[in-house]
Amino acid sequence: MNDTEMQNIKRELQPILAEYANVKGALIPILQHAQAKFGYLSEEVMEAIADELKMSPSDIYGVATFYAQFRFTPVGKNVIKICQGTACHVGGSESLAAMLEQKLGIKNGETTKDGLFSIQEVACLGCCSLAPVCMINGTTYAKLTSDKLSKILDQYIEADKKGEAV
Ligand code: FES
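Fair warning: this is a prediction, and the values are worked out from it, not measured in the lab.

Turning to the pairing of strand β1 (residues 78-83), a few remarks are in order. In the sheet, β1 pairs with strand β2 (residues 117-122) via 6 bridges, with the strands oriented parallel. Note that in β2 the partner of I80 across the bridge is I119. Pairing of β1 with strand β3 (residues 134-136) involves 3 bridges; the strand directions are antiparallel. Its bridge partner lying in β3, I80 is registered against I136.

This brings us to the domain arrangement of the protein. Each assigned domain of the protein is listed with its residue range as follows: domain 1 (3-66) and domain 2 (78-162). Spacing between the C-alpha centres of domain 1 and domain 2 amounts to 30 Å.

Because an α-helix completes one turn every 3.6 residues, residues spaced three or four positions apart along the sequence face the same direction. End to end, helix α1 (residues 3-19) covers 24 Å across 17 residues, agreeing with the expected 24 Å (1.5 Å per residue, within 8%). In the structure, α1 departs most strongly from a straight axis at L13, where the bend amounts to approximately 45 degrees and where the proline P15 lies between one and four residues downstream.

Another point: helix α2 (residues 27-38). Here α2 spans 16 Å end to end across 12 residues, near enough to the 16 Å set by a 1.5 Å rise per residue. Looking one or two residues beyond α2, the residue adopting positive phi is G39, at roughly 90 degrees.

This part is about the nonpolar core. Core analysis: the biggest nonpolar cluster contains 16 residues, and I82, L96, L100, V133 and C134 have the highest contact counts within it. Breaking this core down by element, the ones donating at least two residues are β1, α6 (93-104) and β2. Ranked by the residues each element gives to this core, the list is headed by α6, at 4 residues. When sequence neighbours within four positions are dropped, the list of residues in contact with L100 reads I80, I82 and I119. L13, L41, A48 and I60 belong to the second-largest nonpolar core, a separate cluster that totals 11 residues.

Reading guide: rules and limits
- Residues numbered from 1 in each chain as written.
- Predicted model: local features only at pLDDT ≥ 70, side-chain atom pairs only at ≥ 80, totals over all residues.
- Pairing = 2+ DSSP bridges.
- Helix = DSSP H or I, 4+ residues; strand = E, 2+ residues; numbered from the N terminus.
- Domains from an automatic or database assignment.
- Expected span 1.5 Å × (residues − 1).
- Bend = angle between axes of the 7 residues up to and from the residue.
- Core = buried A, V, L, I, M, F, W, Y, C linked by C-beta atoms within 7 Å.
- Buried ≥ 20, exposed ≤ 12 C-beta atoms within 10 Å, placed from the backbone.
- Contact = placed C-beta atoms within 7 Å.

Here is the structure:
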């Protein structure tokens, strides 16, 4: 990364860092805000935060990797939130997750190489009576089976080929 890119990242981080300037132990909220802004925590973003907080990048990385909420790769065009709450678990969400992993070749927290899908396992999505459910880009899909979810993914793949939205 060149100096200009680093300066740009630091400029974008400035309002976040300013908000927590005199707050002790503010690294986690700073990382949360940075992730919300950039979509994920890139090496460059962690380096810039480290520089501003006078910490080492490896310390920042060490803290960030401790928490499941942080992502270190960009999220895909379609974010699949697969519910692993109790009702969905009882309803078979594990086999849905296994199908996703097999069909897309990625695990929870990862993004496909083509950037089309990311998988995020989440706790209860708040519609347990419709279990098992998953949410793709904010749309909830209910009472899923592996087959049903696989066909839904095919719709997203097809839509992408045609340059349309699902
Ligand atoms: S457990 Fe999945 S929606 Fe509540």
